[in-house]
Amino acid sequence: MRAKLLQKRRMAVKRKNRLLICLVCSSLLVLSACRDGDLAAPPSAAPTPAVTGPVGSASPDAGGTTLPPDTPVPSASAAPSVEPGAGSGGPKDLAPPSAAPDRSPSAPPAGMPSKPAPSIRPTVSPDASPTNSARADGAGIVIRLQAEPRLGGAITALVGASDQRYDLIFPYAVNRESVEKTIASKLAVTEGGLPSLEATAAFEWVSEEAATVTIKIGQKEAAKTFYPLGRYRLDVNGARTAGGFEIAGAPVFVGAVASAYQIARLSTDGRTFEKVSAFADPYFFEPLVSPRYVLASRSVGYCECDATFPKLSWVYDLEAGKLIAYPAPLSTAYRGTGSFVADTRGFFFDRYDARGNAYAIPGSETAYPVRMDGTVLGVTLSPDMRSVLVVTGAGQPGTVDLVRLELKNGARTTVAEGVQGVALPNLVSDKPEPVRFQTVGSSTFFALWNDGTHQENRYAFSWTDNKLSAWSPPVSPESWSGFQASGDDRFRLYANAGLYEGSRKLPGTEKLPYPMQWLPGTHSLVGIRVDYTKQPPEPRVSLERYEAERQEWNVIREQLPEFTDLLQPSADGRWIYLTTPD
């Protein structure tokens, strides 16, 4: 009996030991799989990166678009040439970025550092289920441009022709050689659209999960042209993890390479031509009311089509030579919510992003918040920059209301209600157009569209007595009434009617190019003229001056680079700022 009991105990001990051995082996396998990044986690274990910075543009009512919710926000270290702000002080409810660190444009989204770091550990694991055991989920992979981290993910974006550095971050350990070979084999873009470029990729690995990828294109590719030269692709789909899983579903970033345009200035006597900028990346520029500043922008997306994309915005200080980054899209013509900011340098932007978070904007003494109910269809600054005229659509269909608001104290005056007309239609896309204004002296002129007659309803607003009246320019009601006036309003150049002195049309001026710009304190228009008839066959580009009083042309400077364009004159009229190929 005792012998039988001892035998049963020995058998139980053996079973227990075998169980312990199995458990230990299983644990070792789990640890090994975790280390190699091959262990699948349940779907709920793959966190979505939390966006803590401003990532949206104007609300849908603004006629704008919204950046993808996973778009990274630039860090201060990522773009050292961009100033964090301009000026100091300003209205008390427009706090500088330090007042709202959780929404600052310098704070990257959680889980997305501005530079690859060895400490990054897997947050998204490949699905090791029996039906998909050979694939690793690539949705959590980050590809972004280091010089502008807001450009990243599955987009096509304009990038400079110089060497471009990208952050490449994986949520698990990868096979380095496999990643490098996959990217190199897919750099060339073979499908339609822009041609591919002869590009090469160099890698600097920080860890098994992070690297910097530098893309270089040949010098013969970096021609100076207004149009993109071609494109390349950053694609890791098909590469392998450290454990041998194939990566699938990763974002594909396409870089459309374009020449970086510079800002130059030319003296009005034509003798001095000098560049005032040294941009490495392609920006688009727009003049402002304040001649010291211009708007600069880059598009989040690019295509050979009429599609519109969200944009990134800066203010460029021509005197200081500095870019001032803004988290919100800036515009000289605003349409959006009733909560916006009017900057007396001549631009506007939505106060809140698409999620309702206030933008952490640079401190400025020229920015004033405006708050009103309803949708804003258009807004313009008064000549003294102390108030704004706002067009709202709160009334009956087919009509608008006009309100005047004082910027410092918010005092409100209703100018008119039930004004007939709507904003002019956009002839290129379905995006709603804002109402646009032209201010001369103490009056502002604008036009609304009459859907019934398909004509313009023209109005003039007097800032001195707050009166709205009809306006009758010498332009057919079916045509756009846009014009440019000399500083003293003696001359007006109409886009569709020619040059007028008062009510008298100057003969032969209906073919004057439009737009041009008036030199401050003169009756002289300046503009770019391109001659395609001279030899050699390359077009001859010149900056010319038209004297309204004598109705004659004078050449300021010939043989300017092709694709040179007029930006704006300086306040003293001594310089003319241009955009020109690098």
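So, here is what we can say about the structure in this document. Note that the structure is predicted; figures quoted are calculated from it, not measured. Within every chain, residues take consecutive numbers counted from 1 along the sequence as written. The predicted origin of the model limits local features to residues at a pLDDT of at least 70 and limits the giving and counting of side-chain atom pairs to 80 or more, whereas totals for whole chains, interfaces and linings rest on all residues. The basis for every side-chain value is the complete set of heavy atoms in the structure, and neither hydrogens nor water enter the calculation.

## Some words on the overall build of the chain
Convention followed: In this description a helix means any DSSP run of H or I spanning at least four residues, a strand means any run of E spanning at least two, and both kinds are numbered starting from the N terminus. Exposure classes here rest on a 1.4 Å probe applied to the protein chains alone. A residue is buried below 20% of its type maximum, exposed above 50%, and partly exposed in between. In what follows, residue pairs with any heavy atoms lying within 4.5 Å of each other are defined as contacts.
Regarding its fold elements, the chain presents two helices and 36 strands. Counting every position in the chain, which comprises 582 residues, the buried fraction comes to 47%. The contacts in the chain between residues at least 6 apart in sequence include a share of 58% that link residues at least 24 apart.

## Things to note about the sheet that holds strand β8 (residues 230-234)
Threshold: Here, any two strands with at least 2 DSSP bridges between them count as paired. Note on geometry: axes are C-alpha line fits, over the in-contact stretch for helices, and angles between N-to-C directions span 0 to 180 degrees.
Read across the sheet, three strands follow the order β4-β10-β8 without closing on themselves; strand pairing throughout is mixed. In this open sheet, the two strands that pair with only one neighbour each are β4 (156-160) and β8. Across the sheet, the axes of successive neighbouring strands diverge by a mean angle of 35°, strand direction being ignored. As paired elements, β8 and strand β10 (residues 253-258) share five bridges and run antiparallel to each other. Directly across from Arg-231, in β10, lies its bridge partner Ala-256.

## Regarding the environment of Asp-269
Definition in use: Pairs of N or O atoms are called polar contacts if they sit within 3.5 Å, as long as, within protein, a hydrogen donor faces a hydrogen acceptor (for residues adjacent in sequence, only side-chain-to-side-chain pairs).
By secondary structure assignment, the location of Asp-269 is in the loop between β11 (261-267) and β12 (273-275). With relative accessibility at 48%, the residue Asp-269 sits in the partly exposed group. For the pair formed by Asp-269 and Val-555, sequence separation is 286 residues and the distance between their alpha carbons is 9.4 Å. Reaching out from Asp-269, the side chain makes a polar contact with the side chain of Ser-267 at a distance of 2.5 Å. Within polar-contact distance, the side chain of Asp-269 engages the backbone nitrogen of Arg-271 at 3.0 Å.

## Details of the side chain of Ser-387
Counting through the fold element by element, Ser-387 comes out in strand β20 (residues 387-392). Since its relative accessible area comes to 0%, Ser-387 is described here as buried. Of the polar contacts made by the side chain of Ser-387, one reaches the side chain of Arg-404; its length is 3.4 Å.

## As for the nonpolar core
Under the convention used in this document: As used here, the term nonpolar core means buried Ala, Val, Leu, Ile, Met, Phe, Trp, Tyr and Cys residues forming a set that is joined through side-chain atoms within 4.5 Å.
Grouped together as the largest cluster of nonpolar side chains are 48 residues, with contacts concentrated most on Phe-170, Tyr-232 and Ile-247. When residues of this core are assigned to their parent elements, the largest contribution, four residues, is made by strand β7 (residues 210-217). One finds Leu-389, Ala-416, Ala-423 and Phe-446 within the second-largest nonpolar core, a separate group that totals 16 residues.

## Remarks on helix α2 (residues 176-186)
As a reminder, the rule being used: Summarising the geometry, the arc corresponds to the directions from the helix axis toward the C-beta atoms.
Every buried residue of α2 is listed here: Ser-178, Val-179, Thr-182 and Ile-183. All buried residues of α2 lie within an arc of 125° about the axis, which places them on one face of the element. Facing away from the buried side of α2 by over 90 degrees, the exposed positions are Lys-181, Ala-184 and Ser-185. Buried positions along α2 lie against β5 (164-169), β6 (199-207) and β8. A distance of 3.2 Å separates the backbone nitrogen of Glu-177 from a side-chain oxygen at the start of α2, and that oxygen is part of Asn-175.

## Side note on the pairing of strand β15 (residues 311-317)
The buried fraction of β15 amounts to six of the seven residues, a majority that puts the element mostly inside the structure. Pairing between strand β14 (residues 293-299) and β15: seven bridges, direction antiparallel. Paired with Ser-299 across the two strands is Lys-311, which belongs to β15. Direction of pairing for β15 relative to strand β16 (residues 322-326): antiparallel, over a ladder of five bridges.

## Description of the packing of aromatic side chains
Keep this limit in mind: Two rings from Phe, Tyr or Trp (for Trp, the six-membered ring) form a pair when their centres are within 6.5 Å of each other. A pair whose planes differ by under 30 degrees is stacked, one over 60 is edge-to-face, and the rest are tilted. Geometrically, a lysine NZ or arginine CZ counts as sitting over a ring once it is within 6 Å of the ring centre and also within 35 degrees of the ring normal.
Throughout the structure, instances matching the rule amount to 24 aromatic pairs. Between Tyr-494 and Tyr-500, the ring centres sit 5.7 Å apart and the planes meet at 85°, which makes this aromatic pair edge-to-face. Counting every residue linked through ring pairs, the aromatic cluster contains Phe-279, Tyr-283, Phe-285, Trp-314 and Tyr-316. Above the plane of the ring of Trp-314 lies Arg-150, whose end atom (NZ or CZ) is 5.5 Å from the centre. Geometry around Tyr-283 places Arg-298 over its ring, the cationic atom sitting 5.8 Å from the centre.

## Describing the pattern of salt bridges
A side chain of one charge can pair with a side chain of the opposite charge when the charged atoms of the two come close. Applicable threshold: Between Lys or Arg on one side and Asp or Glu on the other, a salt bridge is scored when a side-chain nitrogen of the former is within 4 Å of a carboxyl oxygen of the latter.
The tally for this structure, following the rule as stated, stands at 24 salt bridges. Between Arg-458 and Glu-456 there is a salt bridge, and its shortest N-O distance comes to 2.7 Å. For Glu-501, the salt bridge identified is with Arg-504, shortest N-O distance 2.8 Å. Arg-504 sits in the partly exposed class, given a relative accessible area of 45%. Salt bridges sharing common partners tie together Arg-490, Glu-501, Arg-504 and Glu-549.

## Let's talk about the sheet that holds strand β23 (residues 437-440)
Within the open sheet, the four strands sit side by side as β23-β24-β25-β26. Their pairing is antiparallel. At either margin of the open sheet sits one strand with a lone partner, and together these are β23 and β26 (467-470). Taken over all neighbouring pairs, the strand axes of this sheet differ in orientation by 30° on average, direction set aside.

## Remarks on unusual backbone geometry
Put simply, Tyr-514 and Pro-515 share a cis peptide bond, and its omega is 5°. With respect to the secondary-structure elements, Pro-515 resides in the loop between β30 (504-505) and β31 (517-518). The phi angle at His-454 is positive, at roughly 55°, despite the residue not being glycine. Locating His-454 in the fold gives a position in the loop between β24 (443-450) and β25 (455-462). Notably, Phe-563 is not glycine yet its phi reads approximately 75°, a positive angle. The exposure class assigned to Phe-563 is partly exposed, which follows from its relative accessible area of 27%.

## Details of the environment of Ser-299
Among the secondary structure elements, Ser-299 is positioned in strand β14. Those residues within four positions of Ser-299 in sequence are excluded, and the remaining contacts are Leu-151, Phe-309, Pro-310 and Lys-311.

## Here we look at the pairing of β20
Summarising burial for β20: six of the six residues are buried, a large majority. Residues Ser-387, Leu-389 and Val-391 of β20 are buried on one face, and the alternating residues Val-388, Val-390 and Thr-392, pointing to the opposite face, are buried as well. Where strand β19 (residues 367-381) meets β20, five bridges bridge the pair, whose relative direction is antiparallel. Bridging from a neighbouring strand, Leu-381 pairs with Val-388 of β20. Alignment of β20 against strand β21 (residues 399-406), held across six bridges, turns out to be antiparallel.

That is the geometry; function is a separate question.
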